[in-house]
2 protein chains.
Amino acid sequence: MYNICIMQNENNDIIYGKNSVLEALIAGEREFNKILIANNIHSDTKLNQIKELAQKKGVVFQFVAKEKFSQWAGLNHQGVIAQISPIKYTDLDEFLEQKHQNASLVILDGIEDSHNLGAIIRTCVCAGVSAIIIPSRRNVQINSIVEKTSAGAINHIPIIKVNSLVSTVQRLKNSDWWVIATDASAKDNYYNINYCDMNFALIMGAEHSGVSKSLIKEADFLVKIPMLKDFNSLNVSNALSAIIFETVRQKSER
Amino acid sequence: MYNICIMQNENNDIIYGKNSVLEALIAGEREFNKILIANNIHSDTKLNQIKELAQKKGVVFQFVAKEKFSQWAGLNHQGVIAQISPIKYTDLDEFLEQKHQNASLVILDGIEDSHNLGAIIRTCVCAGVSAIIIPSRRNVQINSIVEKTSAGAINHIPIIKVNSLVSTVQRLKNSDWWVIATDASAKDNYYNINYCDMNFALIMGAEHSGVSKSLIKEADFLVKIPMLKDFNSLNVSNALSAIIFETVRQKSER
C-alpha cells in the first residue's frame, strides 16, 4: 500500500529522491530552502555528492529522524527530500531569439500522466532536445512526481509554458522552424522524414486522444510509428523515444 | 492522495481499467471469474465492447454501486475491474521449438518498477517482438499495475519466466539466436548493428545497475545509446523503445 501526496505551495516545491536533489544542486538554478536527510540511510556516492555540493553552495541540510519521513511514506524518497523554489520557465521569445541550428523542440499536447511527463523530459535531455513546450492548461504541470520521474533531468532543459499551442506553432513556423506532428493515420513512417539541416518541433499528443486536430492542421509533416501487431497503443514517452532517437541517428550519419 | 494496493491471490488476479479488461477478453486466454462495472460510469465504445464480448463469451459482469469501488480508490480503474486467472507463462522449450525467422526476443534483467515493465511489454507488442523473458527472481513480477500499464498488451505476447538468465542466454546462443546486451560503455551505438537476417535477443538491464556482468560476458554484441548531454539516465522502457524501433526501421528497408 502506497500513499502518494503531491506537495507544492506557492513559494516552495518539494523534490525527493537522490537524483532529483543532486541534479537540482548541480544545475544550481533554483533556490534551496533546505535538504532533509533521514538519519537511518546508508551513505553512498550520491548522498556524499549531495552533502558536498550542499556544503559548497551554502545549502542547509539536516539529518532528521526517519519518523519525520513517515508523512512522505508513499514517495520513493530514498531518505532525501528538499524544499526548493519552483522551476523557472523559459520565455518563448527569449528562446526564439537565440541562435538555433539543426535544433529540436518537443511540444506536448495534453499529456495527463506525471510519470509520462517525467520520462519524456528525461528522454529529451538524453537526446539533446533544445526545449520542451507545454500548454498552461489541459496538460499535467510540473509537480514532485514529474521531478522525481525525470530523475533530475528537468534541471537540464528549458521548459516553456505557453497559453496557446496553436499560436505557438504558428510563431515557430514564422521563425523558420518546421513542425512535425505524430498522427496514427499519417502516410509517412517517422523514419521516412529527413530531420537533418533544419530546426524542427515535434508535437506529441495526449495519451488517449493524440494530437489535437487544430495542431494537426498546422503541421508541416505528419508521421506515424508503424505498428507491427494489431495493437495500436504505444505509451507516449516510448513513442517519443523511438522518433527522437531516429533524429539523433540521422544526424550522426552526417 | 492515492492509495494503491497490488492485489493478487493464488487463483485470481485483479485487473483494472477498460483497456486491460477489454484486451484480456479479446485475447481469450484467461479465465474470468467476473467483471465488476461501477454503475455511475458513462457508457462509451470501450465499455460497450467489454459488455458485448463478455456476453458473447459467457463472462459474468455485474453493475455495482460506485461505493464498492472505494476499496480500489487509488487505482485508475475507470470503473471497471475484473477477477481473472493469472497470465499463463510460455515455456522456453516450447518457444524455441517453434520456427523463428528474423525474430526478436527481449530479455529483462532485474527490472524493478512495475510501470517500466508495463511500458516495456506495450512497446514490445507494438514493435512485433516475439516474446519477453523475465527471471523468476530479482525482477518485478506480473502484477495488476504491470497489467494496467501495459494497457492490455500483456495478453498479446508470450512471457517466458526462467530460473537462470545466464543459462537461458547460453541456450539461445546454442539455438542460433544472437544475443545483444545494452551497456553504457559499449563501443557501438545501437544503430550501427545490423539486426536483419537473424534471430536476436536483446538484454535490457535494471534501472540503476544495468545488465549484469555475467550476461554482458555472454553477449555477442554490446550496444549503447549515445547520450547527447552529460546526463546518462534514460528510462529503461524508453531505451528499449529507441533500440527496438531501430530494428523495425532496418527490417522495413529490406
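Model, not experiment: these values are computed from the prediction. (Residues numbered from 1 in each chain as written. Chains lettered and ligands numbered in written order. Predicted model: local features only at pLDDT ≥ 70, side-chain atom pairs only at ≥ 80, totals over all residues.)

Re the domain arrangement of chain A
Residues and elements named next belong to chain A. This is how the line gets drawn: In this document the domain limits rely on a domain assignment from an automatic tool or a database. Two residues qualify as a contact pair if the distance between their C-beta atoms, derived from the backbone, is within 7 Å. Strands are runs of DSSP state E lasting at least 2 residues, helices are runs of H or I lasting at least 4, and numbering of each runs from the N terminus.
For chain A, the assigned domains are domain 1 (13–84) and domain 2 (92–252). The centre of domain 1, based on its C-alpha atoms, is set 31 Å off from the matching centre of domain 2. Listed as interface residues are 13 residues of domain 1 and, on the opposing side, 7 residues of domain 2. Here the element with the most residues in the side of domain 1 that touches domain 2 is helix α1 (residues 18–27); it accounts for 6 residues.

Focus on the interface of chain B and chain A
Interface size is often expressed as the accessible area that is lost when the parts come together. Stated precisely, the cut-off is as follows: Any residue outside Ala, Val, Leu, Ile, Met, Phe, Trp, Tyr, Cys, Pro, Asp, Glu, Lys and Arg is labelled polar, Gly included; the first ten of those are nonpolar and the last four are charged.
With 35 residues of chain B at the interface, the matching set in chain A holds 35 residues. Secondary-structure elements contributing two or more residues to the side of chain B that touches chain A are β1 (2–4), α4 (114–126) and α8 (236–252) of chain B. In terms of residue count, α8(B) provides more of the side of chain B that touches chain A than any other element does, 9 residues in total. Across the side of chain B that touches chain A, the residue classes tally to 20 nonpolar, 11 polar and 4 charged.

Here we look at the nonpolar core
Here is the rule: Each nonpolar core reported here comprises buried Ala, Val, Leu, Ile, Met, Phe, Trp, Tyr and Cys residues connected via C-beta atoms within 7 Å. Here a residue counts as buried when 20 or more other C-beta atoms fall within 10 Å of its C-beta, as exposed when 12 or fewer do, and as partly exposed in between; the C-beta atoms come from the backbone.
Core analysis: the largest hydrophobic core is formed by 110 residues, its most contacted members being A:Ile203 and B:Ile203. Other than its neighbours up to four places away in sequence, A:Ile203 contacts A:Ile107, A:Asp109, A:Val179, A:Ile180, A:Ala181, A:Thr182, A:Val211, A:Leu215 and A:Ala219.

Focus: the packing of helix α4 (residues 114–126) of chain A against helix α8 (residues 236–252) of chain A
All names here are of chain A. What counts here: Orientation is described by axes fitted as lines to C-alpha atoms, over the contacting stretch for helices, and by angles from 0 to 180 degrees between their N-to-C directions. For classification, angles of less than 35 degrees are called roughly parallel, those exceeding 145 degrees roughly antiparallel, those between 65 and 115 degrees roughly perpendicular, and all remaining angles oblique. Working rule for handedness: look at the near helix, and if it is turned counterclockwise from the far one by less than a right angle, call the crossing left-handed; if clockwise, right-handed.
Interaxial distance between α4 and α8 falls to 8 Å at its minimum, and their mutual angle equals 15°. Compared by their axis directions, α4 and α8 come out roughly parallel. Of the two possible hands of crossing, α4 and α8 adopt the one that is right-handed. Of the residues in α8, those in contact with Asn-116, Ala-119, Ile-120 and Thr-123 of α4 are Val-236, Ser-237, Leu-240, Ser-241 and Ile-244. Within the contact of α4 with α8, the residues separate by chemical class into 5 nonpolar, 4 polar and no charged.

A word on the relation of the copies chain B and chain A
Two copies of a chain can be linked by a rotation about an axis combined with a shift along that same axis. Defined as follows: Here the copies are superposed with least squares, the fitted atoms being C-alpha atoms of residues at a pLDDT of at least 70 in both.
Taken as rigid bodies, chain B and chain A are interconverted by a rotation of 180° and an axial shift of 0.0 Å, the fit giving an RMSD of 0.0 Å. Overall, the copies show the geometry of a two-fold rotation axis. Judged by C-alpha distance, B:Ala242 is the residue of chain B that lies nearest the rotation axis, at 2.1 Å. Looking at chain B, 100% of its interface residues are interface residues in chain A too, so the copies touch through the same face.

Overview of the pairing of strand β12 (residues 221–224) of chain B
The line we're drawing: For two strands to pair, DSSP has to find at least two bridges joining them.
Across 3 bridges, the pairing between strand β9 (residues 177–182) of chain B and β12(B) is parallel. What sits directly across from B:Thr182, in β12(B), is B:Val223.

Here's the deal with unusual backbone geometry
The backbone phi angle of A:Asn102 is positive, close to 50°, even though this residue is not glycine. By the element assignment, A:Asn102 lies in the loop between α3 (92–97) and β6 (104–109). Accessibility expressed as a C-beta count within 10 Å gives 14 for A:Asn102, which makes it partly exposed. Located in the positive-phi region is B:Asp197, a residue other than glycine, with phi close to 60°. Tracing the chain through its elements places B:Asp197 in the loop between β10 (188–189) and β11 (199–205).

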